[in-house]
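Close look at the chain arrangement
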Amino acid sequence: MSDSEAAPTNFIRQRVAADLSGARVSEVVTRFPPEPNGYLHIGHAKSICLNFGIADDFDGRCFLRFDDTNPEKEEMEFVESIQRDVRWLGFNWQDRLTHASDYFERLYEFAMELVLNSNAYVCSLSAEEIRESRGTLTEPGKESPFRNRSVEENIDLFNRMREGEFADGEHVLRARIDMTSGNLNMRDPVLYRIRHQVHQITGDRWCIYPLYDFTHCISDAIEGVTHSLCTLEFEDHRPLYDWVLDNTSVSCHPQQIEFSRLALDYTVMSKRMLTQLVRENHVSTWDDPRMPTIAGLRRRGYTPASIRLFCERIGVTKKDNRIEMSLLENCVREDLESSAPRRMAVIDPLKVVINNYPEDLEETFSAANHPADAGFGTREVPFAKEIYIERSDFMIDPPRKFFRLGPGREVRLRYAYLVTCTGYDTDDNGDVTTVYCDYDNQSHGGNAPDGRKVKGTIHWVSAKHAIPAEVRLYDRLFMRENPVESKQHHFSEFINPDSLITVTNAMLEPALASAENESRFQFERLGYFCVDEDSTAGQPVFNRTVTLRDSWAKQRGQGS
RNA sequence: UGGGGUGUAGCCAAGAGGUCUAAGGCACCGGAUUUUGAUUCCGGCAUUCCCAGGUUCGAAUCCUGGCACCCCAGCCA
């Protein structure tokens, strides 16, 4: 990455470094613990880069652990996509792929310890009764009438819960802590619930499932995690995290450290809302290129390096934050600028006839695949009497600062010739249908024979050689920076109706015919594009990842 | 007087009592180079760190008191 930027540092890395140098830990162990109930998004990428990044940089280890304690919401499709996405991002968990469900038996034993020491009890209140007795933010809760069941009775009941003697919801196991705590999480939290539900891995072996607060800390401890990094909303859970570890015989006590989650302008970042976008068909799939999912960004054309760079640049703090889209976009542009080969493509074709160019002549011009890196090589681009140029590169009555084509104006056809506009045809609506030009046959390759200045250089594609293609132009998914800010409007009301514009008659230079799925190019003067998996042999499909910076559009007061 | 957090430029974010008339990135505004109005390059962009007091020779950094914003009342994670 760029040398001028400081190496990643943040309060968590500083703490890890201090723990290592102070010998509080001898090796750093972290974990990325997704629940397989949806696809990973860019916010998860922040956590992945943090956890795996720290392990890599401090010579430690990082686990990929599925937090699979709620079989109702979890699916195999998600566990597969998560692994695919983490790997694609460039991280390697080696043999450290685990599941909270791997520990169900041990979790049960630790729960039994709590029961044995009167630190947990079986509560037979209904869910509603538990809620009602929990109190409120300002009033203490009331103790459950089952709070003082004997250890023997609790052992018996808890065992029978496991054996399947009870229906869902009939009993729960609760920690016995403090119903008057100002921290609601400490008001005798539920540790286990009965759920007769097939689990994607353990099948029907269990009908009781441990909850997050009990599972997570113990799973961390079992794996020898030293620093358990999570988002801010778990801050209130830390006392419970510590309580469970302090009251069971687990031999290790990881430190939970919280950081703020990522918010990105013009999108939403909760799995609940992303799930809704997919289910309600506001987008096509989890990997729709408009989605902030890793899979969506990938299909959009983002590179793993660009996402890692982004995660590095946004930093890690405890402050609520909202990142501007331009930061993310700048990261792909920066990566693709040096890595994407250049090509010419016309998205909104306007036919140009070169009056004085021989009818049946065909030439070929050598074009650099990268203007600043000869290592990319060159390719041959065919040229003939009829070509296509971008409709926006011609104006009937252009303003003075317009450097492109207009009646009587001369421009350079990139790598080919200098041409001067001699006229144009329009249809009944006054729309231009054909532009006529004369070319300077002394300007082969686009070089002015007399050294005259030609300010404008435009891209083009030979009409008879062009490959028709579909191009999908993406824009922000929402029209509001923060789609969930409004209390009276549902976020789906703010979906940008123009977030996807499909162009079916784009014209590509022939070198693009054989582009492989997911390969990325810069279409000169337009932006970066990526081959979509919907491409077929006869009809390539390209997704626009991001436009190029466009100071001309800016000057005219418009976006892209 | 429920508990837990956070406040440094438009957006992120360094900063840990003196080297701060406060790094870096994005955005923005110039200007140079350019066969992509791209890239690259140079320059500009907080006398001020939520506010008010205080401690100190010296405070964004320490203390006190305010204010603002975020999170928590799932048998979700």
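In space, the 3 strands of this open sheet follow the order β1-β2-β3, with parallel pairing throughout. Where the open sheet ends on each side, the last strands, each with one partner, are β1 (29-32) and β3 (97-99). Strand after strand, the sheet turns through a mean of 35° between neighbouring axes, direction not considered. Running at roughly 160° to β1, helix α2 (residues 42-57) makes contact with β1 and β2 (61-66) of the sheet.

A separate point is the protein's contact with RNA strand B. Around RNA strand B, the surrounding shell holds 67 residues, and the nearest of these are Q14, R342, R404, G445 and R549. Backbone atoms, meaning sugar plus phosphate, form 65% of the atoms of RNA strand B positioned within 4 Å of the protein. Between RNA strand B and the protein, one listed contact pairs a phosphate oxygen with a side-chain N or O atom of T317 at 2.7 Å. Here a phosphate oxygen of RNA strand B sits 3.2 Å away from a polar atom, N or O, in the side chain of K319. Those elements that place two or more of their residues in the surface near RNA strand B are α5 (127-133), β6 (190-194), α11 (304-314), α12 (325-339) and α13 (551-555). For the surface near RNA strand B, the element with the most residues is α12, which contributes 4 residues. Per-class residue counts for the surface near RNA strand B are 20 nonpolar, 20 polar and 27 charged.

Below, the discussion takes up the nonpolar core. Note that soluble globular proteins tend to have their nonpolar side chains buried in a common cluster. Membership of the largest hydrophobic core comes to 39 residues, with the highest contact counts inside it found for I42, F52, V86, I307 and F310. In terms of residues, this core owes the most to one element, α2, which gives 6 residues. Structurally, this core is a two-domain feature, drawing no fewer than three residues from each of domain 1 (11-259) and domain 2 (271-341 + 469-555). Filtering out sequence-adjacent residues up to four positions away, V86 remains in contact with F32, L40, I48, F52, L64, F91 and W93.

In this section: the packing of aromatic side chains. What characterises a pair of aromatic rings is the spacing of the ring centres plus the angle enclosed by the ring planes. Applying the stated criterion across every chain, the model contains 25 aromatic pairs. Note on Y212 and F234: the rings are 4.9 Å apart at their centroids and 35° apart in plane angle, and the pair reads as tilted. A residue pair is termed long-range when its members are at least 10 positions apart, and Y212 in helix α7 (residues 212-222) and F234 in the loop between β8 (227-231) and α8 (238-246) qualify at 22 residues. Under the relative-accessibility criterion, Y212 is labelled partly exposed at 24%. By the ring-pair criterion, three or more aromatic residues cluster together here, those being F104, Y108, F158, Y192, W206, Y209 and F214. A cation sits over an aromatic face here: K455 above F403, 5.0 Å from the ring centre. A cation over an aromatic ring shows up here: R476 above the ring of Y266, its NZ or CZ 3.7 Å from the ring centre.

Size of an interface, as often reported, equals the accessible area lost when the parts are brought together. Per the domain assignment, the segments of chain A are domain 1 (11-259), domain 2 (271-341 + 469-555) and domain 3 (345-459). Using C-alpha coordinates to define each centre, domain 1 is positioned 64 Å away from domain 3.

Burial of strand β24 (residues 527-531) is extensive: 5 of the 5 residues sit out of reach of the surface. As defined by bridge partners, strand β23 (residues 520-523) adjoins β24 across 4 bridges and the pair is classed as antiparallel. Following the sheet pairing, F523 is matched in β24 by G527. The turn joining β23 and β24, which pair antiparallel and follow one another in sequence, is formed by 3 residues; a positive phi near 70° is taken by R525.

Let us now look at the sheet that holds strand β25 (residues 541-547). The strand order across the open sheet formed by 7 strands is β10-β23-β24-β25-β21-β22-β11, and the pairing between neighbours is mixed. The sheet is open, and its two borders are formed by β10 (342-343) and β11 (345-346), each paired with just one other strand. Note: β11 against strand β22 (residues 500-508), 2 bridges, orientation antiparallel. Residue pairing in the sheet places A345 in a bridge with L508 of β22. On the sheet, α12 packs against β10, β23, β24 and β25 and is oriented at approximately 115° with respect to β25.

The next thing to look at is the environment of G423. For G423, the location among the structural elements is in strand β17 (residues 418-426). By relative accessible area, G423 is classed as buried at 15%. Residues G423 and T434 lie 11 residues apart in sequence; the distance between their C-alpha atoms is 8.6 Å. Here G423 is in contact with V435 and Y436, once residues within four sequence places are set aside.

Our focus in this paragraph is unusual backbone geometry. If a residue is not glycine, its phi is most likely negative; likewise, a peptide bond is most likely trans. In this model, A23 sits at a positive phi of 60°, which is unusual for a non-glycine residue. As for its position among the elements, A23 is in the loop between α1 (11-21) and β1. Positive phi, normally seen in glycine, also occurs at S118, with a value near 60°. Along the polypeptide, S118 turns up in the loop between α4 (104-116) and β4 (120-123).

About the thresholds
- Residues numbered from 1 in each chain as written.
- Chains lettered and ligands numbered in written order.
- Predicted model: local features only at pLDDT ≥ 70, side-chain atom pairs only at ≥ 80, totals over all residues.
- Heavy atoms only, no water.
- Pairing = 2+ DSSP bridges.
- Helix = DSSP H or I, 4+ residues; strand = E, 2+ residues; numbered from the N terminus.
- Axes fitted to C-alpha atoms, helices over the stretch in contact; angles between N-to-C directions.
- Contact = heavy atoms within 4.5 Å.
- Near = heavy atom within 4 Å.
- Polar contact = N/O pair within 3.5 Å; in protein donor to acceptor, adjacent residues only side chain to side chain.
- Nonpolar A, V, L, I, M, F, W, Y, C, P; charged D, E, K, R; others polar.
- Core = buried A, V, L, I, M, F, W, Y, C linked by side-chain atoms within 4.5 Å.
- Buried < 20%, exposed > 50% of the residue type's maximum accessible area, 1.4 Å probe, protein only.
- Domains from an automatic or database assignment.
- Phe/Tyr/Trp six-rings, centres within 6.5 Å; stacked < 30°, edge-to-face > 60°.
- Lys NZ or Arg CZ within 6 Å of the ring centre and 35° of its normal.

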